[in-house]
Amino acid sequence: MSDSEKWAWWALGVVLLTIGAYAAFLLFIGHGPATASVFALLALTALPASSRRYFRGRTFDEREREIANKALRAGCGAVWLVFIGLVLAIGFVKGWDATLVLPVWNLAETLWWAAVVVVGVEAVTTLILSRGGAHA
Amino acid sequence: MRSHQTVIANQIRRLRFENGEMTQDQLAKMAGVTRHTIMALEAGKYFPSLLLAFRIARAFGTPVERVFEYRETDCPPSS
């Protein structure tokens, strides 16, 4: 398994752990600023050695770099799609002239969810491209 | 309508065995890539860049045309 695949499996696990912890918090304490604390789990993506490879002077080879670039584009594209989907859904449900009133912690949580989507999609794309080839 | 599929075939596996049964890891080190890239090349799952193609050819001490071959195949029309 390459370093990229190891990172991807680990990151996917961290994303699933974060989502699971968020669901548990929702169940026990309800939706509030405290539930955002689960996003600290995302820091675990920095834990494995494959995430700290740059500090050991090891960089991607050309295939891993191509896979990483495609995976990052897929992650950012997914966030963009989710954002457009949300805007459309809110527009159709609440009306295009409606006003949203959100607490500030909700906005911050939105950014964390975007990070979860980027890391999750990036990890899945890395695994798919690593197995199936990166020259398509 | 017929479409063309371009493939870059390679003789890496055969050349490795002909060059003192070189391992994928040894070839990877000589070419400056990971073993997984060599595996993907041999499986036809990855096409190398020009630089990598020349590095691999140099590792075998052979011209790049002996290692890689450009093929264009006709794909049958989809029904």
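So, here is what we can say about the structure in this document. Owing to the predicted nature of the structure, the values given are computational and were not obtained by experimental measurement. (Residues numbered from 1 in each chain as written. Chains lettered and ligands numbered in written order. Predicted model: local features only at pLDDT ≥ 70, side-chain atom pairs only at ≥ 80, totals over all residues. Heavy atoms only, no water.)

**Some thoughts on the overall build of chain A**
Line of reasoning, step 1. Across its full length, chain A holds three helices and zero strands.
Line of reasoning, step 2. Put simply, chain A runs from its N terminus to its C terminus through helices and strands in the order α-α-α.
Line of reasoning, step 3. Counting every position in chain A, which comprises 136 residues, the buried fraction comes to 35%.
Line of reasoning, step 4. Carbon together with sulfur atoms contributes 74% to the accessible area of chain A, which is approximately 8300 Å² in total. (Helix = DSSP H or I, 4+ residues; strand = E, 2+ residues; numbered from the N terminus. Buried < 20%, exposed > 50% of the residue type's maximum accessible area, 1.4 Å probe, protein only. Areas by Shrake-Rupley, 256 points an atom, 1.4 Å probe, with all protein chains shown as cover.)

**Some thoughts on the packing of helix α2 (residues 62–94) of chain A against helix α3 (residues 104–132) of chain A**
Residue and element names in this part refer to chain A.
Line of reasoning, step 1. Relative to each other, α2 and α3 sit at 140°, their axes nearing to 7 Å. If you check the angle between α2 and α3, you find them oblique. Relative to α3, α2 is oriented so that their crossing is right-handed. Of the residues in α3, those in contact with Arg-63, Ile-67, Lys-70, Ala-71, Leu-72, Ala-74, Gly-75, Ala-78 and Val-79 of α2 are Ala-114, Val-117, Val-118, Val-121, Glu-122, Thr-125, Thr-126, Leu-129 and Ser-130.
Line of reasoning, step 2. Of the residues contributing to the contact of α2 with α3, the split by class is eleven nonpolar, four polar and three charged. (Axes fitted to C-alpha atoms, helices over the stretch in contact; angles between N-to-C directions. Parallel < 35°, antiparallel > 145°, perpendicular 65-115°, else oblique. Left-handed = near helix turned anticlockwise from the far one by under 90°. Contact = heavy atoms within 4.5 Å. Nonpolar A, V, L, I, M, F, W, Y, C, P; charged D, E, K, R; others polar.)

**Section: the nonpolar core**
Nonpolar side chains in soluble globular proteins generally cluster together in the buried interior.
Line of reasoning, step 1. Ile-12, Leu-27, Ile-56, Phe-60 and Val-67 of chain B are the most contacted members of the largest nonpolar core, which has 20 residues in total.
Line of reasoning, step 2. Per-element accounting of this core gives the leading share, six residues, to helix α4 (residues 50–60) of chain B.
Line of reasoning, step 3. In terms of nonpolar packing, the next biggest core, distinct from the first, is built from 15 residues, Trp-7, Ala-11, Phe-39 and Val-119 of chain A among them. (Core = buried A, V, L, I, M, F, W, Y, C linked by side-chain atoms within 4.5 Å.)

**Observations concerning the packing of aromatic side chains**
Line of reasoning, step 1. Applying the stated rule across the entire model yields six aromatic pairs over all chains.
Line of reasoning, step 2. With centroids separated by 5.2 Å and ring planes inclined at 75°, the aromatic side chains of Phe-92 of chain A and Trp-96 of chain A adopt a geometry described as edge-to-face.
Line of reasoning, step 3. By relative accessible area, which is 66% here, Phe-92 of chain A ends up exposed.
Line of reasoning, step 4. Residue classification places Trp-96 of chain A among the exposed positions, given a relative accessible area of 54%.
Line of reasoning, step 5. Site record: aromatic cluster; members linked through ring pairs are Tyr-22, Phe-39, Trp-112 and Trp-113 of chain A.
Line of reasoning, step 6. Geometry around Phe-17 of chain B places Arg-16 of chain B over its ring, the cationic atom sitting 5.3 Å from the centre. (Phe/Tyr/Trp six-rings, centres within 6.5 Å; stacked < 30°, edge-to-face > 60°. Lys NZ or Arg CZ within 6 Å of the ring centre and 35° of its normal.)

**With respect to the side chain of Glu-122 of chain A**
Line of reasoning, step 1. Among the secondary structure elements, Glu-122 of chain A is positioned in helix α3.
Line of reasoning, step 2. Beyond its immediate stretch of four places on either side in the chain, Glu-122 of chain A contacts Trp-7, Ala-71, Leu-72 and Gly-75 of chain A.

**Section: the interface of chain B and chain A**
Line of reasoning, step 1. In this complex, chain B contributes 13 residues to the contact, which on the side of chain A involves twelve residues.
Line of reasoning, step 2. For the pair chain B and chain A, the summed buried surface comes to about 1000 Å²; carbon and sulfur atoms form 50% of the total.
Line of reasoning, step 3. Sorting the residues of chain B by area buried against chain A places His-36, Lys-45 and Tyr-46 of chain B first, and these three jointly supply 56% of that buried surface.
Line of reasoning, step 4. The interface formed by chain B and chain A includes zero salt bridges.
Line of reasoning, step 5. The interface formed by chain B and chain A contains six residue pairs in polar contact (both at pLDDT 80 or more).
Line of reasoning, step 6. Top element by residues in the side of chain B that touches chain A is helix α3 (residues 35–42) of chain B. It accounts for three residues.
Line of reasoning, step 7. Here the residues of the side of chain B that touches chain A sort into six nonpolar, six polar and one charged. (Buried area = accessible area lost by both parts, 1.4 Å probe. Salt bridge = Lys/Arg side-chain N within 4 Å of Asp/Glu carboxyl O. Polar contact = N/O pair within 3.5 Å; in protein donor to acceptor, adjacent residues only side chain to side chain.)

**Topic: the pattern of salt bridges**
All names here are of chain A.
Line of reasoning, step 1. Going through the model one piece at a time under the given rule, you end up with seven salt bridges over all chains.
Line of reasoning, step 2. Across the pair Glu-5 and Arg-131 runs a salt bridge whose closest N-O atoms are separated by 2.8 Å. On the criterion of sequence distance, the pair formed by Glu-5 in helix α1 (residues 3–29) and Arg-131 in helix α3 is long-range, its members being 126 residues apart.
Line of reasoning, step 3. Overall, the relative accessible area of 7% leaves Glu-5 in the buried class.
Line of reasoning, step 4. Classification of Arg-131 by relative accessible area gives partly exposed; the value is 48%.

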